[in-house]
Every structure is written in structure tokens, then in C-alpha cells.
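# Analysis of the macromolecular model
Each chain, letter by letter, is given below.
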Amino acid sequence: MSAISLSSTEISPTSMVQAAGVSKWFGDLVAVSDVSFGIGAGVTALLGPNGAGKSTLLRIICGLARPSKGTLTILGKDPRRDVAVLGRIGMAPQQETLWDQLSGLEFVQLAAQLHGLSHPVEAARGAIAMVELDADDERSLSTYSKGMRQRIKLAQAIVHDPLVVVLDEPLTGLDPRQRRAMIALFHRLSDAGKCVIVSSHVLDEVERFGSRVLVIAQGRLVAEGDFHKIRDLMDDRPLRISIRSNQPRTLAIALLECGVISGCELQDPDALVVSTSDVMFFRRAVALAARDHQVSLLEIRPLDDDLESVFRYLVGQ
Amino acid sequence: MSDLIDAPVIFAEGVRKSYGTNHVLLGLDCEVGSGITGLLGANGAGKSTLIGLILGLRPRHGGVLSVLGVDPHQSGPELRLRLGYAPEHHNLPGDVQAADLVQHVAQLHGLPKRIATERASNALWQVGLGEERFRPIGTMSTGQRQRVKMAQALAHDPDLLLLDEPTDGLDPVQRDAMLALIGQVGSEFGIDILLSSHLLEEIERVCDSVVILANGVVGYSGALDDLDSPEAGMRVEVDGDSQLLADVLEARGAEVSIQHNSLTVSSSATANDLIRDTVAELGMGLRRLEPHRTTLEDVFIEVSK
Amino acid sequence: MSEARIHARGYLAYEGPRHSPSRAMCNLAYHTVQRVLGLKRSNWQKVLPALTLIIAFMPAIVFVGLAVLLPGSEELELGESGEYYVIIVGALYLFAAFVAPEAVCTDRRSGMLGLYMASPLNRNTYLVSKFAAIVGVLAFMTIGPPLLMLIAYTLEGVGPDGVVDWLAELGRLLSAGLLMAVFWGSLSIAVSCLFERRTRASVVIFLIPLVSTAVGDGLSEATEFSDSYQLINLFSLSVETVYRIYGQVNPVEGAIVRIDTWLVFAVTSGLIVASCWFACWRYQQIEIER
């Protein structure tokens, strides 16, 4: 499958994270293959099937791994050469931390000290407050629930006020309320002008925290940009839309006449499922056609324009 | 399949449970019927405790609990013979072959050895691990382990299946396959399922009904269909300036609220036609028009306050 | 025209008979024996169990071999029955320390315990099955070699005279073997309950008898060979128990000979009961419903 890209205009000097032809292989295993993109401020979701190379790519972005080929720059500098740039990156890894015997405050404070902050305790308290945990909680991390662990990992990642925040699967194990709070936090970071890169499997949640995605499959970048626009580019796959109205037959004929749909199927007494390859045109035409034929619209619902459908299409399953 | 139509699969009345001074369940009442039931709750709301009580692992501190018609604490072993359980954690013995593990668990649930071997193999095919069944579990990916857990819960043909976060760690495609399998088990195999999950969309997709725990009691329980309330207004999304559309609709007497790029227009006899005409007039594209539904998330947030 | 037909595909319900929950205990015990002995596992896992079995059986096999090859040989000097148990206790010790912890430690670490608790087993039946498996293997080591010897003696014509005596000897052999197996098995399972990591349990089980020897010997030394302190020494205690069952006197110097027999048995059974109680108590504390 050819890569779908909206990136030509978006790779600009304002990109905070810039990859050019990045590949990474371990022996004969190709984990990341010739990936190029630019990511600016805001929330970007990194998506892909398990084993597609997401974690490797995140490690490269954070300077934890060196690309076998190509270059990756953060704010124009190579994070593996420039220590100052490394200090502008914060990461929360997917795996559970190994610091089980520390308290939350000690753990975040340790990160603050490693970054050489002048007031590590204050910084740690601030970061813990950001993630809505209690800095005075003296229990060790081993007693923390999954949700608390996720949040303390995030606190550790943002304690030094980085510009680029990389979060690997930060939503797993959170309950719906905690997820909501976490997503609100992404938005706060994004509003503060930071570049937030989040990998996640929970596509319904990704749809809420931003529409900008990078999709990796088999180590290659297969799409980037606003997923709604990516969907519009998938013109070899007609979009299916369910329409309920008081006169489905009349509406079907009207839509067929103006040539915006390529197929239609009557379902329930009042429901019609149409397929169209020019969805923008269809959306403009449907209200007009209904008005002109005095058809009352009860419901218009696209059946496969959600991120999940886009994802399936892109990863080829 | 629960043949007794009258008896609920799980019945709880005033169930209480504490660990020392930590009161986890404070009088829980619910009735779980046949089909697929979602179990939701914030972290710490008592889901794991409830599952422990259903399995009969702990005594409760009051109330009535009956699972498949028996008290799990009184007749735990006999009840567990008819239960299948897939725990949340992913660690399974790494040096054991998937087929051996599933067979062993099936035998523990009372199946004769030959039949256990046969059904273990079938169950692994069913979950899509047929080719991998002789691999040590330690060499398997998260997705494959989730399926091994499913197979071991399923192989002995339980009457009730308890699944704890069965899609945790799966990517979207694997998750879809797992949900399809769960749906198939619930409908075609005729096994009742209690599915604990944090992902509301997942529950909405496969479950018939839902139980939401909040603060140690049942905050909501009922069929998912009951959540639809078409009276709550119409949700509209357009290609174009949502704010402009909202302003024009309001000028024409509609009640409109806007959040992100989606408008909610209060129901009235003429609301739908008004939206249609206004969108047509403004030359906008109509992306979406649907009755506003109370989502599971709305309910969840409401009861978890 | 041949008939065509589509057979039911996919999932099949199981309507057949099911074994009762007590059968699950047998299954678990059997499975545990297999696991402990390293069957169906890598060859590396078979080394230690095989080694301890060889230690326990080798002298008996050599003895029986000689008896068969050199019938009537005068070299077959028959020592006291209790002596062989010194070797066996050594093998039991190694097995209890390095092989038996596999039976319970690994289940907690690998999450199998959760699956077992969701089966017809419960905490107590689980422990009983595990205990039975360990004791079973240990009893094979304690009963097998003396039984071989007894048969060899009998074939040599130097065994106990008459059926009654022979059966009495067999009875002593079985009860001594079983008591040893239960004693070392309960020690092993009690310590294993405390650790998720098998190696840690092994180290502690390995150290306890050594420490008990040092403390027991030290105390009896300091108090001028007071026998009662030797009861602390787990090795001496187990060997002495066997001698008492056989009604013989341990010829080794410094052995516990002056203590009343009832006290020896009381200490042994006391330790067994305490270990078993501790294991059950400990398992009630473990949280499983995760």
C-alpha cells in the first residue's frame, strides 16, 4: 500500500520533531524502515498494530536508540549528541517502572535530580499536582494501582518542563474518569505549546484527544495527518452512510439522479444505506436533495469514517 | 446456557465486603440475566472484589449472593466446576505449552482426560491459536496470551464466563477479533458472560446489559437499549462553520448548544426540517445528523461522582 | 444423486459427565509430580530431581546388584537398618531444598494460582494436593530403597524370619519412610509459602537444617552433651526418629540416645503440624482476586 501523506505542507521549520529517512534494524530484523515526518506543537497520536515498530520509533525520538540510517532531530538538534536537547524531552515508557520501593515523591524527585533541576522537590511536587496525585502519599510505588502508576510515570516525564513529551500507552489501565482527566492533561500540555506524542491502542479515545495521527505498519509510515482528511483520501474505498428518513425511496432516487452516490440499499422501512466515493459532494447534496423533495431527514450516520475503519484500511486488514 | 429462565445468572442483595477498615462493597444489589453483561467501575470501585465473591474465593460480610442458583461461598467447588475465568494479568507459566495448560485446566473442571485433550485443542482453534497450540506460552505475544486465557476459560464448556479486561494490551485489529469472539461465545455458544472492562465503547459494542459499580454499590444496572432517549435533541455535525450554523438556527428560534464541532439542537416537531433547510441554504455539507443518545460514558460519569 | 450435508461446525457444548471436585485434587497432585520431576520440561529441569533420586537409590541398587551377582557372599555384612537412612535423609534434604519449591512457588509467580482458585480447588484443597505430591515423591525416595534392600535380604535368606516378622519389618519401613517424607515435605512447603521466587525458597530451606545443626551442636557442646539440645538438629532428629521406629540404638557418637521416645516423636510431629498450619495460614493471607 502506498503511503498516504498530507505532510508536504506540514513539514515546516516549526516542526519540533523531524525524522528524515529513519530506519532501525536489529540484526536482520527491520523494526523501522525509512520513516520521515515532522511533528509540531499539539497532540499527535502514534498508532499501529502490536509489533509494528512504535516503541522503537518512540525510543529513537527520545534519543534512547540511534537510528541505523537517517536522521532524527528535536528542535533541529540530534538528541543523541546534544545534551541540552535531551533535557527538553520527557518520556513515560510503557513498561512498569522498576522503582517499586520508592514513594511517588521520591520517584519524581529522582527524575528531577537526574535532569539537574535546582529545586527538585518543588518541581516534583508541581508535577505530581499536575497529574492529580498526592505528593504527601508516603506509600511505595508497589502499592499503586495501575491508574496511579500511569499518572506517576507521566509526572516523572513532565517534571523538568520538557517541550517534547512522549507517552507510550498512557491510557491502558485507566478507568473512564481517569482517562478523561489524562486526556484533559494532554490538552493542557498542548495548549502550553508542547509537542505531545502519544501511542495508544484505544482508538475511540484517540479520536477525542486529537485528530492528528501517525500510522505505522510493518515498520513503515503509512499515513500521517488529520484522520478525517486521511479518510477522504481513501477514494478507492467508497464511504457508506446510513440515512433514515420519512421517504427513503424518494430520497434514494433523488440522490441517484444527482449522481452523488454509487450504490444504495433499502434496509428497514425507513433506512437507506448509500455508498459514495465523493463524500464532500454527497454531504452538500443530501440536505439540498431532501429539501427539494420535501423529505424529512431523521438520521444521517457515516458507517465507516471513524478512526477504527481508517486504521484497518491503512494496516491492511 | 442457563435453562432456568426464572433464575438470574447472578443475584445479589445487600452484599457487603470489607478488608479490615476498608469497606469495599456497601450493600450491593443487582440482577444479572443471561447474555453478555458488562461490569464497569472506576479503579477501586470493587470490581475485583465482586469477581472474587462470585468465584467464592472469600466470604462476604452480609447479604445474599447467588450465582447460577447457588451460594458461591457455600458451594464454591461445585459452582466453579461450571465457571470459566480469564484473569486480568498476562503472566502464565512460560515453559508450558498452550495445549497442555488448557487441557490441565479443563481436567480440573471435571472433564475426563481424553475429552479434555480434545476440547483443549478445539478451544485453541476456536480462539485462533490452532497452529500455535504446541508453543510454550513464554514465547507468545500479549495478543496470543489473551487468547490462551480465553481458551482455558472456555474449554470445559462453562455455564458462565468471567472475563477480566480481555482486550488489555491488544491492538485495534486484535481487539476487534477478541470482541467478535466474545460476541460469538455469548450468542452462538450460548454461554453467559460477565465482562469487566474499562473501555466503554467495548461494552457498548458487545454487551446486552451493564452493571456499573460506584462507591461500593451498584450505580446503574440495566439493558443498554434502555439508554437511548431520542427526546434529548438532535446532534449535528457539518463541513463548514459550526458557529455560523448555530447562530442562524438560534435566530430561527431553535435551541442550540455547541461543543467542539458538534451542535445539539433541542427536539421539536420542526427541528429536523429546520436543520435540513438551514444547512442547504448555507451550502454546508451535512456530515452527521442523529438523535442525541445518552452514552454509557454519560451514565458512568454521572454515577461515579 | 449423492446427498450433500453441512455438519455442525465450530463450538460444541459438552453434555457428558464431569468428575467431582475431589478429582481435581488428584489431577493437581499428579500434575505437580510431573512438574517437580521435570517431566514435559527441558532436560535441564530434570537434572536435580534425577540426581537426588540417584543419591537415594544408588546404594540400594548396588547392594541388590551385588546380592544377585554374588549370592551368598560373605561381604554382604548387614548393617543396622537405620544406617541407610542417613544417606536417604541427605537426599531428602537436597530434594526438599532444590526441587520441591517448584511445586508451590512457581504457581504464585506464574499466575497459575489464580486459575487454580477459579477451578473447583480452594486454598486448602490446593495445598493438600501440593503437599501430597511432594510427600509422594519423597516417600518414593524413603520407602523405595529400603524396600529393595528388604527384598534383597529376603532373597538372600537373611531377612526377618517368618511372615509376621517380615510384615512387622515392612510396617516399620513404611511408617519410617512416610514420617520422613512428611517431615521434610512439610518443612519445604512451609518455607516455600513465603517466597515467590523458587531460588530464594531453596536458599532458605537449604540453610535452615544447617543452622539447626550448628545451633543444636553448639548448645549441646556448651551444656556438656545435653541430648535435648540435639533435638534442634533437624538431621539428627529425623535419623533418630527412624531409629526409634526400628527400636534400634543409633551407634554414632553424640546421637540422641537418652531422650524418651515419646519426646522424639512429639517434637517431630509438632514440627510437622506447625509447618502445615503455617502453610495454610499463609495461604489464607494471600490475595488472589486480581
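This part takes up the overall build of chain C. Check the secondary structure of chain C and you find 11 helices and 0 strands. Start at the N end of chain C and walk to the C end: the helices and strands fall as α-α-α-α-α-α-α-α-α-α-α. Across the 290 residues that make up chain C, the buried fraction comes to 38%. Within chain C, contacts between residues separated by at least 24 positions form 77% of all contacts whose residues are at least 6 apart in sequence.

Counting 213 residues, the largest nonpolar core has V108 of chain A, V102 of chain B together with L92 of chain C as the members making the most contacts within it. Among residues more than four places away in sequence, those in contact with L92 of chain C are L138, M141, T142, M180 and W184 of chain C. Within the second largest apolar cluster, 35 residues are counted, among which are V274, V286, A289 and I300 of chain A.

This part covers the interface of chain B and chain C. The partner chain C presents 30 residues to the 36 residues of chain B that form the contact. If you list the elements that add at least two residues to the side of chain B that touches chain C, you get helix 1 (47-54), helix 2 (76-80), strand 5 (83-86), helix 3 (98-108) and helix 4 (113-126) of chain B. Broken down by element, the side of chain B that touches chain C gets its largest block of residues, 5 residues, from helix 3 of chain B.

Let us look at the packing of helix 3 of chain B against helix 5 (residues 142-154) of chain B. All names here are of chain B. Look at helix 3 against helix 5: their axes get within 8 Å of each other, and the N-to-C directions meet at 30 degrees. The pairing of helix 3 with helix 5 is recorded here as roughly parallel in orientation. Pair helix 3 / helix 5 crosses with right-handed handedness. Taking contact as the criterion, the partners of A98, L101, V102 and V105 in helix 3 are, on helix 5, V148, A151 and Q152. Split by residue class, the contact of helix 3 with helix 5 holds 6 nonpolar, 1 polar and no charged.

The buried fraction of helix 3 of chain B amounts to 10 of the 11 residues, a majority that puts the element mostly inside the structure. Those residues of helix 3 of chain B that sit buried are A98, A99, L101, V102, Q103, H104, V105, A106, Q107 and L108 of chain B. Check the buried side of helix 3 of chain B and you find it contacts helix 4 and helix 5 of chain B together with helix 1 (21-36) and helix 5 (112-117) of chain C. Remark: G110 of chain B follows helix 3 of chain B within two positions and exhibits a positive phi of approximately 95 degrees.

Between chain A and chain B, the contact holds 35 residues from the first and 36 residues from the second. The residue makeup of the side of chain A that touches chain B, split by class, is 16 nonpolar, 8 polar and 11 charged.

What follows deals with the confidence of the model for chain C. When pLDDT drops low, the exact placement of atoms in the prediction is not to be read closely. Residue and element names in this part refer to chain C. On average, chain C scores 82 in pLDDT, and the residues at 70 or more come to 90%. Put simply, helix 9 (residues 227-230) is where chain C has its lowest mean pLDDT, 72, and helix 1 is where it has its highest, 91. The complex model carries a pTM of 0.81, and its ipTM stands at 0.84.

Before going further, it helps to spend a moment on the domain arrangement of chain B. Frequently, the measure chosen for interface size is the accessible area that the parts lose on association. For chain B, the assigned domains read domain 1 (10-224) and domain 2 (230-294). Each of domain 1 of chain B and domain 2 of chain B was reduced to a C-alpha centroid, and the two centroids are 43 Å apart.

Strand pairing in a sheet relies on backbone hydrogen bonds, with the paired strands running either antiparallel or parallel. All names here are of chain B. The mixed open sheet is built from 6 strands, whose spatial order is 5-6-7-3-8-9. Unpaired on one side and paired on the other, strand 5 and strand 9 (217-223) mark the two borders of the sheet. Recorded for the sheet is a direction-independent mean angle of 15 degrees between the axes of neighbouring strands. Taken together, the 6 bridges between strand 8 (residues 209-214) and strand 9 define a ladder with antiparallel strand orientation. Residue I212 lies in a different strand from strand 9, and its bridge partner there is Y220. In the packing of helix 5 onto the sheet, the strands contacted are strand 5 and strand 6 (160-164), and the crossing angle to strand 5 comes to about 170 degrees. Running over the sheet, helix 10 (residues 296-303) touches strand 3 (36-41), strand 8 and strand 9 and is turned about 25 degrees from strand 8.

Basis of the calculations
Residues numbered from 1 in each chain as written. Chains lettered and ligands numbered in written order. Predicted model: local features only at pLDDT ≥ 70, side-chain atom pairs only at ≥ 80, totals over all residues. Helix = DSSP H or I, 4+ residues; strand = E, 2+ residues; numbered from the N terminus. Buried ≥ 20, exposed ≤ 12 C-beta atoms within 10 Å, placed from the backbone. Contact = placed C-beta atoms within 7 Å. Core = buried A, V, L, I, M, F, W, Y, C linked by C-beta atoms within 7 Å. Axes fitted to C-alpha atoms, helices over the stretch in contact; angles between N-to-C directions. Parallel < 35°, antiparallel > 145°, perpendicular 65-115°, else oblique. Left-handed = near helix turned anticlockwise from the far one by under 90°. Nonpolar A, V, L, I, M, F, W, Y, C, P; charged D, E, K, R; others polar. pLDDT = per-residue confidence, 0-100. Domains from an automatic or database assignment. Pairing = 2+ DSSP bridges.

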